[in-house]
Amino acid sequence: MVELAPRVERKAPVARAPGTVAVLAALFLAGLAAIVIARWWTGTRYHPCAVGIARSVR
Amino acid sequence: MGLPVTQFVHEMAGVAVVGLIFLRAVSLSRVTEPARAHLAAITVRWAWLWAGSTLAWIAFTLSDVIGTGLGDLLGHADAVVAVSGTDRVLAECATLWVALAVALFGARLSGSAAMSAAGHQRRGLLPSALTGHAGYHPSPGVAMVALGLHLVGAAIWIGGLLTLVAHLRGFPDDVRVAVPRFSAAALVCALAVGVSGVLAIAVMLDGWAALLGTDRGQLIVAKTVALVLLASVGYWHRRRTVPAVRTGCLRPLLRLAAGELLLMGATVGIAVVLSITA
């Protein structure tokens, strides 16, 4: 039997490294998620202050 | 959420500028001209983001301290003027000037000028941090030096890695030159961050029991766990991916470093919340 085409070795697919936009988006999303979780965990969400400079000036 | 989010963007942009200029000045002294021009252009973009987010951060700080919404600030001009003279806002303004200087003149830096600028950019991150918790302790000098070292180490480490992974990836030959040099710098930075962190805890926290018993302590524990994980990733880099780079294979390094940056982003997020937690 004659082999007409050169045999091509099948290689395992190599995973691509994430692109620049994906890296930057993931970086910022990770930070925002950490802020939300950390503020929820510590209960340090925003509370409007009862007294403040704005109130004393007016 | 406006204050912590703008502070996070401000921190990340500042860190990126420090990393870009550090890498240009120290690790890439023999970089090719296209890569140098690319990094200079990217530095300017990050610097504008740094300046813009610092401006937003100042507005949110004024709103927070005065106790009114952003939209109502103009209606409280007297209070805005009064609060603008506080240490906190003045420190943020100092950072804004540094960010604007890089945005306007960063592209013209090269060689020794970039080296000198790298030092100044690191100082740009410090004023706001040093007017916070560190200044109000029995040992403010030790606390400030520890926090300053912590910030500078983290900025070079995170910013340098961000530069390698996100901005220099299109120049494989330059990455091969930069990685071994940056790897050595990152090791020093990781050690500096760890040692200064322990020193800051010892000075600024009311006893080791406060580590688990207070909100600040728990956030510090979370940051410590993240640092240990990052050190493990760094060890893996030195064992596997950096030797692979020497043989010309960049992909394992880029993939692991992308995951490392994800963890670094989360750590900076925790640090932001830590900075506004009593």
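Residues numbered from 1 in each chain as written. Chains lettered and ligands numbered in written order. Predicted model: local features only at pLDDT ≥ 70, side-chain atom pairs only at ≥ 80, totals over all residues.

S.K.: What is the right way to look at the overall build of chain A in this model?
M.R.: Secondary structure assignment for chain A yields 2 helices and 0 strands. For chain A, with 58 residues in total, the buried portion stands at 16%. (Helix = DSSP H or I, 4+ residues; strand = E, 2+ residues; numbered from the N terminus. Buried ≥ 20, exposed ≤ 12 C-beta atoms within 10 Å, placed from the backbone.)

S.K.: Help me out: how do you make sense of the overall build of chain B in this one?
M.R.: Along its length, chain B carries 10 helices and 0 strands. The order of helices and strands in chain B, counted from the N terminus, is α-α-α-α-α-α-α-α-α-α. Residue burial in chain B is summarised as follows: out of 278 residues, 46% are buried. Within chain B, counting contacts between residues at least 6 apart in sequence, those at least 24 apart form 77% of the total. (Contact = placed C-beta atoms within 7 Å.)

S.K.: So what exactly am I meant to see when it comes to the packing of helix α1 (residues 20-42) of chain A against helix α10 (residues 251-275) of chain B here?
M.R.: Axes are the key here: two packed helices are described by the angle between their axes and the distance separating the axes. In the contact formed by α1 of chain A and α10 of chain B, the axes pass within 7 Å of each other and the chain directions differ by 35 degrees. Where α1 of chain A crosses over α10 of chain B, the handedness of that crossing is right-handed. (Axes fitted to C-alpha atoms, helices over the stretch in contact; angles between N-to-C directions. Left-handed = near helix turned anticlockwise from the far one by under 90°.)

S.K.: Even after reading the chapter, I still don't get helix α7 (residues 172-204) of chain B, so can you show me in this structure?
M.R.: In an α-helix, one turn spans 3.6 residues; hence positions three or four apart end up facing the same way. At A178 of chain B, α7 of chain B shows its maximal bend, which comes to roughly 35 degrees, and the proline P180 of chain B appears one to four places after that position. Residues of α7 of chain B that are buried: D174, V175, A178, V179, F182, A186, C189, V193, S196, G197, A200 and M204 of chain B. (Bend = angle between axes of the 7 residues up to and from the residue.)

S.K.: Please clarify how the confidence of the model for chain B should be interpreted in this entry.
M.R.: Residues and elements named next belong to chain B. Here chain B averages 84 in pLDDT, while 87% of its residues score no lower than 70. Mean pLDDT values over the elements of chain B span from 59, in helix α5 (residues 112-130), up to 91, in α10. Scoring the predicted complex yields pTM 0.84 and, for the interface, ipTM 0.85. (pLDDT = per-residue confidence, 0-100.)

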